[in-house]
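# Survey of secondary and tertiary structure
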Amino acid sequence: MALDDFIAASDRLSHFEAILAGSSQTVPSLSSLRIRRDQVQNIWAIIEQEYGRCSKALREDPSNAKDLTAIQANTPGSPAGARTNAGNAAKAARPLGSLAAPPSQAPRSDTAVRRHGKAVPGTGAVDHHGVGHLPLHEQATGPPPTLASLLQHMSTNVLPTAVVRLHVGDSSFVLLALYDPCAAVSSISASLAAQLKLPALHVGEDRVCKATVASKVDADLRFDVLLKIVKGLQICAPVRPLGDSVRARFANLTLANDNFHRPSTISLVLGADAANHVVTEGFMPSQNGLPMAQSTIFGWMVSGSCSC
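Residues numbered from 1 in each chain as written. Predicted model: local features only at pLDDT ≥ 70, side-chain atom pairs only at ≥ 80, totals over all residues. Heavy atoms only, no water.

### Some points on the pairing of strand β15 (residues 299–306)
In summary, the side chains of a regular strand alternate between the two faces of the sheet. Relative to β15, strand β3 (residues 156–158) runs antiparallel, the two sharing three bridges. Across the sheet, the residue bridging to Val158 is Gly304, located in β15. One ladder, built from five bridges, connects strand β14 (residues 292–296) with β15; its direction is antiparallel. Bridged to Ser295 within β15 is Trp300. Two successive antiparallel strands, β14 and β15, enclose a turn made up of two residues. (Pairing = 2+ DSSP bridges. Helix = DSSP H or I, 4+ residues; strand = E, 2+ residues; numbered from the N terminus.)

Structure below.
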């Protein structure tokens with residue numbers, strides 16, 4: 001029944017909350033915070049979906065009145081209790097830098113919405129990351145899960161990345177880059193450009209930096225590129241770690257990124273302007289739910305959906 005699925009999904013989020021609560025007191029890295037955020041969002045999407053299904057089933061079948069009473073009473077182990085734990089876990093991930101909700105969507109405080117574990121009459125439902133929700137007989141479903149969150153639950157997307165050498169003047173840096181032929185121009189995050197002290201030129205309203213990108217496999221394979229300096233350019237991929245069995249499939253290849261199966265933060269993008277220099281002849285198609293691989297000057301670049 002949908003109720004069992006809902007409880008199972010809620011238990012997963014409660015378990016994740018316990019992991020967060022028992023974590024080290026040291027400040028986590030931005031990459032780990034983003035991973036935690038995506039884990040909460042993915043599990044939450046499942047909870048919202050099952051919440052709608054089980055609440056509908058409970059209302060339509062009178063024989064489920066006992067279950068409905070348990071939920072509304074918010075007893076320990078009931079779905080409502082699980083929703084409270086889910087809200088707390090979501091709140092634990094809230095302090096992420098770029099995740100603060102707009103004022104119009106900011107969640108009410110726990111004490112303002114719930115007292116002694118029960119919903120305060122007259123309070124409205126908050127956003128899907130919040131704690132307070134209307135009783136099931138007043139709220140049929142929560143906000144619908146996003147397509148991205150549902151797809152990420154069924155499979156994990158691997159983005160084409162490569163470890164490259166970036167030469168600017170007399171300086172050289174080893175960086176992780178994302179290859180995105182759909183991006184019109186190559187770009188680098190403003191924070192990384194400032195950290196590396198890259199010289200910037202003004203082109204109209206944009207700031208750019210001239211650099212040379214070289215392969216770690218063969219230093220003679222290189223090309224010049226004009227990088228647009230972009231604020232807030234940070235990409236975390238993949239959203240969750242992949243098993244070693246995925247990595248093992250490409251063990252016989254020289255990979256552009258040996259750690260493609262581990263979440264990493266990327267602040268350098270090679271766009272369509274670099275495409276002619278990046279891709280070389282050689283392609284390994286996807287098999288048995290594993291990603292594909294494309295030969296490049298940086299080595300074999302793994303990308304695609306992974307469902308195993």
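Read on, since the account is not over.
### Examining unusual backbone geometry
Ala237 connects to Pro238 through a cis peptide bond whose omega is -10 degrees. Looking at the element boundaries, Pro238 is found in the loop between β10 (235–237) and α8 (244–248). Even without being glycine, Lys197 reaches a positive phi, approximately 55 degrees. Position of Lys197 among the secondary structure elements: in the loop between α7 (190–195) and β7 (201–203). Judged by its relative accessible area of 73%, Lys197 is exposed. We note that Asn288 has phi near 55 degrees; this positive angle belongs to a residue other than glycine. Mapped onto the elements, Asn288 comes out in the loop between β13 (279–284) and β14. By relative accessible area, which is 72% here, Asn288 ends up exposed. (Buried < 20%, exposed > 50% of the residue type's maximum accessible area, 1.4 Å probe, protein only.)

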